[in-house]
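If you want the building blocks of each chain, they are given just below.
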Amino acid sequence: MMQVLTINHQAEWRAYVKNSANFDFYHTWYYHSLDNTGDPILIVYQEGENFIAFPLIKRAIPDTDLFDLTSVYGYTGPISNMEFDNLDELMKENFTREFRKFLHENNCVSVFSRLHSFFNQAPLMDKFEGIYENGKTVVIDLKLPIEVQRSKYQRRVLEKINALRRKGYYVKEGKTPEEVR
């Protein structure tokens with residue numbers, strides 16, 4: 001069963017996010033309520049106790065009766081109460097079919113979403129055609145000692161950092177409003 005929650009369904013939206021195996025603030029009702037580029041929606045596909053939910057922004061395409069769907073700024077992508085690696089293949093196929101049906105019935109001609117770097121959403125997204133990788137995200141574990149972090153930099157990045165240092169650039173942590181300006 002597919003349902004679409006709007007920004008008016010705060011309690012339901014919050015419950016789906018809270019019951020997800022993995023989520024971030026990018027998925028929340030609060031974060032989506034701040035967007036003013038379109039209509040925030042949470043598309044939910046549910047089979048029994050299991051669900052897949054996809055937060056998006058529905059935007060009208062000017063001078064047409066068509067729409068596009070995009071993600072809020074940040075890394076969203078779908079969420080589920082199960083790890084995507086553990087989703088039943090039939091559920092993934094059913095979600096894909098119902099999602100495409102939603103797009104067709106609602107005149108949505110494109111979907112753009114940045115997937116979350118820490119959640120393996122690929123097993124679900126692989127069911128769709130027309131998926132394009134637009135770049136890579138760099139993830140750095142800031143809990144590691146700085147020497148360990150730097151040892152993982154690509155050689156090209158280190159060369160650029162060293163060139164900036166030679167030109168006199170440096171990084172300083174700002175702790176007061178005056179230092180941030």
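Notes on the structure follow. From a predicted model like this one, the values you see are computed outputs, not experimental measurements.

### What about helix α3 (residues 89-105)?
(1) Moving on: Under the 1.5 Å per step criterion, the end-to-end length of α3 is 24 Å for 17 residues, consistent within 8% with the ideal 24 Å.
(2) Moving on: By the burial criterion, the buried members of α3 are Met 91, Lys 92, Asn 94, Phe 95, Thr 96, Glu 98, Phe 99, Phe 102 and Leu 103.
(3) Moving on: The backbone nitrogen of Leu 90 has a side-chain oxygen 2.8 Å away, supplied by the residue at the start of α3, namely Asp 88.
(4) Moving on: In the stretch just after α3, Asn 107 is the one whose phi turns positive, near 55 degrees.

### With respect to the nonpolar core
(1) Moving on: Within the largest apolar cluster, 18 residues are counted, with the highest numbers of intra-cluster contacts made by Ile 43, Leu 56, Leu 69, Phe 95, Phe 99 and Phe 102.
(2) Moving on: Those elements that place two or more of their residues in this core are β2 (39-47), β3 (50-60), α3 and α4 (122-125).
(3) Moving on: The element best represented in this core is α3, accounting for 5 residues.
(4) Moving on: Apart from the residues within four sequence positions on either side, Leu 56 is in contact with His 32, Asp 39, Pro 40, Ile 41, Ile 43, Leu 69, Thr 70, Ser 71, Phe 99, Val 111, Phe 112 and Ser 113.
(5) Moving on: The next biggest cluster of nonpolar side chains, apart from the first, holds 10 residues, and it includes Leu 5, Tyr 16, Val 17 and Leu 42.

### Thoughts on unusual backbone geometry
The bulk of non-glycine residues show a negative phi, and the bulk of peptide bonds are trans.
(1) Moving on: Of note, Asp 63 is a non-glycine position whose phi angle comes to about 65 degrees, a positive value.
(2) Moving on: Secondary-structure assignment places Asp 63 in the loop between β3 and β4 (67-70).
(3) Moving on: If you check the backbone angles, Asn 107 has positive phi at about 55 degrees while not being a glycine.
(4) Moving on: Looking at where Asn 107 falls in the secondary structure, it is placed in the loop between α3 and β6 (108-112).

Thresholds, definitions, all that
- Residues numbered from 1 in each chain as written.
- Predicted model: local features only at pLDDT ≥ 70, side-chain atom pairs only at ≥ 80, totals over all residues.
- Heavy atoms only, no water.
- Helix = DSSP H or I, 4+ residues; strand = E, 2+ residues; numbered from the N terminus.
- Expected span 1.5 Å × (residues − 1).
- Buried < 20%, exposed > 50% of the residue type's maximum accessible area, 1.4 Å probe, protein only.
- Polar contact = N/O pair within 3.5 Å; in protein donor to acceptor, adjacent residues only side chain to side chain.
- Core = buried A, V, L, I, M, F, W, Y, C linked by side-chain atoms within 4.5 Å.
- Contact = heavy atoms within 4.5 Å.

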